[in-house]
Amino acid sequence: MENCIFCKIAEGSVPCKKAYEDERLLAFHDIQPQAPVHILIIPKIHIDSVNRLEEDTAELPAQMIMAAKKLAKEYRIEHTGYRLVINTGKDGGQSVDHLHMHLLGGRSLGWPPG
Ligand code: AMP
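Rules of the game
- Residues numbered from 1 in each chain as written.
- Predicted model: local features only at pLDDT ≥ 70, side-chain atom pairs only at ≥ 80, totals over all residues.
- Heavy atoms only, no water.
- Salt bridge = Lys/Arg side-chain N within 4 Å of Asp/Glu carboxyl O.
- Buried < 20%, exposed > 50% of the residue type's maximum accessible area, 1.4 Å probe, protein only.
- Helix = DSSP H or I, 4+ residues; strand = E, 2+ residues; numbered from the N terminus.
- Patch = residues over 30% accessible without salt bridge, like charges linked within 9 Å, V, L, I, M, F, W, Y side chains within 5 Å.
- Areas by Shrake-Rupley, 256 points an atom, 1.4 Å probe, with all protein chains shown as cover.
- Expected span 1.5 Å × (residues − 1).
- Arc of directions from axis to C-beta.
- Polar contact = N/O pair within 3.5 Å; in protein donor to acceptor, adjacent residues only side chain to side chain.
- Contact = heavy atoms within 4.5 Å.

**Student:** How should the pattern of salt bridges be read in this particular structure?
**Tutor:** If the charged atoms of two oppositely charged side chains come close together, the side chains can form a pair. The final tally for this structure, using the stated rule, is 4 salt bridges. With a closest N to O distance of 2.6 Å, Glu21 and Lys18 form a salt bridge. Taking the relative accessible area as the measure of exposure, Glu21 reaches 37% and is therefore partly exposed. For Glu21, the salt bridge identified is with Lys44, shortest N-O distance 2.8 Å. Linking Glu21 in strand E1 (residues 18-21) with Lys44 in the loop between strand E3 (37-43) and helix H2 (60-74), this pair joins segments that are 23 residues apart in sequence. Sharing partners across several salt bridges, the network here consists of Lys18, Glu21 and Lys44.

And the structure:
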């Protein structure tokens, strides 16, 4: 989608620090990391948010979680723990309107989030 920064990253016209890729997904390091490990996992196709998931895209969140699991092992946070976050909409703190899951770890994370 035009003017979507994550679509541009997915198509390779904006650079990223890639962490994982398969046919459907791309994962890359967050530009403003909030933890020692902070990776974003996105579908390559444009979907605005969880609100836009439909039957034919319903498997994507499960695939994103499986990619996060692989990355947690690779970045050695599988045993210390980590958090998966999908911010949705204004109150959810979503700032990029392309579905993405944050993988955060490498430090103790507070709860509840701000
Ligand atoms: P959210 O607030 O949940 O929409 O998260 C969007 C995330 O994307 C933020 O953590 C940003 O730091 C991150 N971000 C925005 N632009 C880029 C970029 N070009 N490369 C990597 N991460 C980005």
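**Student:** Can you walk me through a nonpolar patch on the surface in this structure?
**Tutor:** There is a patch of nonpolar side chains on the surface, built from Ile65, Tyr82 and Leu84 and spanning about 240 Å² of accessible area. Positionally, Ile65 belongs in helix H2. Exposure remark for Ile65: the relative accessible area of 42% places this residue in the partly exposed category.

**Student:** What is the right way to read H2 from this model?
**Tutor:** Structurally, the α-helix is built with 3.6 residues per turn, so residues lying three or four positions apart point the same way. When the terminal C-alpha atoms of H2 are compared, their 21 Å separation across 15 residues agrees well with the 21 Å that a helix rising 1.5 Å per residue should span. Along H2, the residues that are buried comprise Leu60, Pro61, Met64, Ala67, Ala68, Leu71 and Ala72. All buried residues of H2 project into a common sector of 140° when viewed along the axis, lining one side. Residues of H2 that are exposed and angled more than 90 degrees away from the buried face: Lys69 and Lys73.

**Student:** Any chance you could explain the side chain of His38 here in plain terms?
**Tutor:** By secondary structure assignment, the location of His38 is in strand E3. Classification of His38 as buried rests on a relative accessible area of 4%. A distance of 3.0 Å separates a polar atom in the side chain of His38 from the backbone nitrogen of Gln34. Setting aside its immediate chain neighbours within four residues, His38 contacts Phe28, His29, Asp30, Gln32, Pro33, His102, Leu103 and Leu104.

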